[in-house]
Amino acid sequence: MKVVTREQSDPRPEHARHVCNVCGEPSEMTICDECSERLRVEALSRKKHEEQGDAWSHWE
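Thresholds applied
Residues numbered from 1 in each chain as written. Predicted model: local features only at pLDDT ≥ 70, side-chain atom pairs only at ≥ 80, totals over all residues. Heavy atoms only, no water. Helix = DSSP H or I, 4+ residues; strand = E, 2+ residues; numbered from the N terminus. Contact = heavy atoms within 4.5 Å. Areas by Shrake-Rupley, 256 points an atom, 1.4 Å probe, with all protein chains shown as cover. Expected span 1.5 Å × (residues − 1). Salt bridge = Lys/Arg side-chain N within 4 Å of Asp/Glu carboxyl O. Polar contact = N/O pair within 3.5 Å; in protein donor to acceptor, adjacent residues only side chain to side chain. Disulfide = S-S within 2.5 Å.

> Hey, could you run me through the overall build of the protein in this one?
Within the protein one finds one helix and zero strands. Long-range contacts, defined here as pairs at least 24 residues apart, represent 0% of the contacts in the protein between residues at least 6 apart. Just so you have it, the protein exposes about 5500 Å², and 53% of that area is on carbon and sulfur atoms.

Below, the structure is given as structure tokens:
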């Protein structure tokens, strides 16, 4: 295990203290904008798929 002393600076960039919970890239938000958009599109696609009655094919 590597020990970081107080004299060493934080290796992360100043503006990015967190990472995206989906892709792991530095982000100020829990889920970055790119992943958030992708999840929205996937959820909408699944919703439409389920409403058409085809839920047992691809998603299940």
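> It is not clear to me how helix H1 (residues 33-51) should be interpreted in this structure. Could you clarify?
The terminal C-alpha atoms of H1, which comprises 19 residues, lie 27 Å apart, in line with the 27 Å expected from a rise of 1.5 Å per residue. Residue Gly-53 follows H1 closely and has a positive phi angle near 85°.

> Just to check I follow, could you spell out the pattern of salt bridges for this structure?
Two side chains that carry opposite charge are able to pair once their charged atoms sit near each other. Across all of its chains, the model carries four salt bridges by this definition. We note a salt bridge from Lys-47 to Glu-51, for which the minimum N-O separation is 2.3 Å. Placement of the pair is Lys-47 and Glu-51 together in helix H1, with a separation of four residues, close to one helical turn.

> Just to check I follow, could you spell out the environment of Cys-32 for this structure?
Inspection of the secondary structure assignment puts Cys-32 in the segment before H1. Put simply, Cys-32 and Val-22 are 10 residues apart on the chain and 8.0 Å apart in space, counted from C-alpha to C-alpha. Not counting the four nearest positions on each side in its chain, Cys-32 is found in contact with Cys-20, Cys-23 and Ser-27.

> Even after reading the chapter, I still don't get the side chain of Ser-27, so can you show me in this structure?
Along the chain, the position of Ser-27 falls in the segment before H1. Among the polar contacts made by the side chain of Ser-27, one reaches the main-chain amide nitrogen of Met-29 at a distance of 3.1 Å.

> Just to check I follow, could you spell out the state of the cysteines for this structure?
Every disulfide links exactly two cysteines, by a covalent bond between their sulfur atoms. Scanning the model with the defined rule gives zero disulfides in all. Here Cys-23 is not cross-linked by a disulfide; its sulfur's nearest cysteine counterpart is in Cys-20, at 3.7 Å.

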